[in-house]
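Coordinates in review
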Amino acid sequence: MGVDLSDLVKTREIELKELNGKIIAIDAFNTLYQFLSIIRQQDGSPLTDDRGNVTSHLSGIIYRVTNLIEEGIKPVFVFDGKPPVFKAETIKARVEVREAAKQMYEAAKAAGSADAYKYAMASTSINAQIVQDSKELLGYMGIPYILAPSEGEAQASYMVKKGSADYVGSQDYDSLLFGAPKFVRNIAITGKRKVPRKNIYVDVKPEVIEFQEVLDQLEITRSQLIDLAILVGTDYNPGIYKVGPKTALKLVKKHDNMESILTELGQTIENYEEIKEFFMNPPITDDYIIKWGKPETGKIKEFLCEEHSFSADRVDKVIERLNKAVTETSKQKTLSSWF
DNA sequence: CTTGATAA
DNA sequence: TTATCAAGG
């Protein structure tokens, strides 16, 4: 998912405490995807309520958001709208990969194989019900969410540029291409992350990436960074065979424009002009209100316990933490108010 | 992922 | 206090 610039971009590890009082525009789909892929049982099956609906994301949201608010962080979730037309092939390819993984998962689960978990993760998909449930829970928790016209990452980046938020929150590097001045990865509390394909966990700290620092370090412009990403591959194009971040960096520095690069490589990139324009000037909206509200305790409890089979004891506990955290934060007059 | 229990 | 592990729905 997204462009992989991890080899090129210098990150700065921080403590979660450093984000106290900050507004984070969280890429909702990115976060939901993580919850849905990782919150599973040992055989790979997701958490479900007694009607069979998947509930992994609801568990992720209630605990993660409560933890963030306890840290004094103010989250606003940004959901994806319509993907650009030139994303169609990528979307189709991902559907096929997921379908294949789903079959492998079913087979592995039936065989009691330890591979079931990894195939289950690879088969993760987000549907309309999951999105709706997530919005409903966020609403009851008093957490604002916004619907982007197109990519959530683009809208979140715009909100940080504009000063409506302090950071984009996402695991992907795409917000750099959209020009987000600052973004933060790994905003989890436990600081533990499962390493892919292995049943072990490593410590992971939140890390901040600053747009201007990246450009300064690489000695390129935003336009060049976008060209670099397109050469490597983005959500909208597969990238050029055997061109990784380092080669791409050399190429954008050596040439004045993409046409010249592609001529040297003897390659073409489908929809290059449209993709470039999309990263430079994505569809965004100013039509949003960011306002945190008081949690609706009864609604949260009804939604999670009665509709989705959560344990009343656990939900009571997390609601109590949430209410306490919101009360604490709203007392701090130096921060913009909650209500 | 996060919690909560239990062990070290 | 810190590490490890099972369970959550």
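Just so we're clear, the structure is a prediction, and the values are computed from it rather than from any experiment. Counting restarts for each chain: residues are numbered from 1 in the order of the written sequence. Working convention: letters from A go to chains and numbers from 1 go to ligands, in the order in which they are written. Under the rules for a predicted model, residues below a pLDDT of 70 receive no local features and side-chain atom pairs below 80 are neither given nor counted, while totals for whole chains, interfaces and linings still include all residues. Remark: hydrogens and water are excluded; side-chain values derive from all non-hydrogen atoms of the structure.

Let's shift gears to the protein's contact with DNA strand C. One heavy atom within 4 Å of a molecule or strand is enough for the residue carrying it to be called near that molecule or strand. Neighbouring DNA strand C are 14 residues, the closest being Gln41, Thr48, Thr55, His308 and Ser311. Of everything in DNA strand C that lies within 4 Å of the protein, sugar and phosphate atoms constitute 50%. Contacts to DNA strand C include Thr48, whose backbone N or O atom sits 3.1 Å from a base nitrogen. What qualifies as a polar contact is a pair of N or O atoms within 3.5 Å, subject to a donor-acceptor requirement within protein and to the restriction that residues adjacent in sequence count only when both atoms come from side chains. One of the backbone N or O atoms of Ser311 is found 3.2 Å from a phosphate oxygen in DNA strand C. Gly is put with the polar residues, along with every residue not named as nonpolar or charged; the nonpolar set is Ala, Val, Leu, Ile, Met, Phe, Trp, Tyr, Cys and Pro, and the charged set is Asp, Glu, Lys and Arg. Taken together, the residues that form the surface near DNA strand C break down as four nonpolar, eight polar and two charged.

With that settled, consider the sheet that holds strand S3 (residues 74-79). Consider a sheet: its strands pair through backbone hydrogen bonds, and that pairing is either parallel or antiparallel. A pair of strands is considered paired only if DSSP assigns at least 2 bridges between the two. The numbering of helices and of strands both runs from the N terminus, where a helix is a DSSP run of H or I of at least 4 residues and a strand a run of E of at least 2. With mixed pairing, seven strands are arranged side by side in an open sheet as S1-S9-S6-S5-S2-S3-S4. Each of the sheet's edge strands pairs with one partner strand only, and the pair in question is strand S1 (12-13) and strand S4 (145-147). Packed on one face of the sheet, helix H1 (residues 28-38) meets strand S2 (23-27) and S3 and runs near 95 degrees to S3. By definition in these notes, contact holds between two residues if any of their heavy atoms fall within 4.5 Å. To define axes, lines are fitted to C-alpha atoms, for helices over the stretch in contact only, and angles between the resulting N-to-C directions are given on a 0 to 180 degree scale.

Let's shift gears to the packing of aromatic side chains. Pairing of aromatic rings covers Phe, Tyr and Trp, the last counted by its six-membered ring, and requires centre-to-centre distances within 6.5 Å; plane angles under 30 degrees mean stacked, over 60 mean edge-to-face, and any other angle means tilted. Scanning the entire structure with this criterion turns up ten aromatic pairs. Considering the side-chain rings of Phe29 and Phe79, the 6.3 Å spacing of their centres and the 85 degrees angle between planes classify their relative orientation as edge-to-face. Taken together, the residues Phe29 in helix H1 and Phe79 in strand S3 connect sequence positions 50 residues apart. Consider the rings of Tyr173 and Phe183, whose centres lie 5.8 Å apart with planes at 80 degrees: the pair is edge-to-face.

Our focus in this paragraph is the domain arrangement of chain A. Interfaces are frequently sized by the accessible area removed from exposure as the parts join. Per the annotation, domain bounds derive from an automatic or database assignment of domains. Domain boundaries assigned for chain A yield domain 1 (1-214) and domain 2 (219-282). Taken over C-alpha atoms, the centre of domain 1 sits 26 Å from the centre of domain 2. Of the residues lining the interface, 22 residues belong to domain 1; the matching set on domain 2 comes to 19 residues. Between domain 1 and domain 2, the buried area comes to about 1800 Å², and carbon and sulfur atoms account for 70% of it. A simple way to read buried area is as the amount of 1.4 Å-probe accessible surface that goes missing from two parts once joined, with both sides added. It is Leu8, Phe86 and Leu177 that lose the most area in domain 1 upon contact with domain 2, and together they represent 38% of the buried surface on that side. Between Lys87 and Asp235 there is a salt bridge, with the nearest N and O atoms lying 4.0 Å from each other. The interface formed by domain 1 and domain 2 contains five residue pairs in polar contact (both at pLDDT 80 or more). Of the residues assigned to the side of domain 1 that touches domain 2, the class counts are eleven nonpolar, four polar and seven charged. The salt bridge criterion pairs a side-chain nitrogen of Lys or Arg with a carboxyl oxygen of Asp or Glu, the two atoms within 4 Å.

Turning to empty space enclosed by the protein, a few remarks are in order. Points on a 1 Å grid over protein atoms alone make up a cavity when a 1.4 Å probe fits among them but cannot get out, and a pocket when they form an open set with protein on both sides within 12 Å along at least five of seven lines; lining residues each have an atom within 4 Å of a point. Grid points are joined across faces, edges and corners, and a volume is the space filled by probe spheres set on the points. One pass over the structure, following the stated rule, counts one cavity of 30 Å³ or more. Here the largest cavity defines a volume of roughly 100 Å³. The wall of the largest cavity is formed by 15 residues, among which Thr31, Gln34, Arg64, Gln171 and Ile187 lie closest to the centre. For the lining of the largest cavity, the elements supplying multiple residues, two or more each, are H1 and strand S6 (182-185). Among the elements that make up the lining of the largest cavity, the one with the highest residue count is H1 (three residues). Looking at the lining of the largest cavity residue by residue, the class counts come to five nonpolar, seven polar and three charged.

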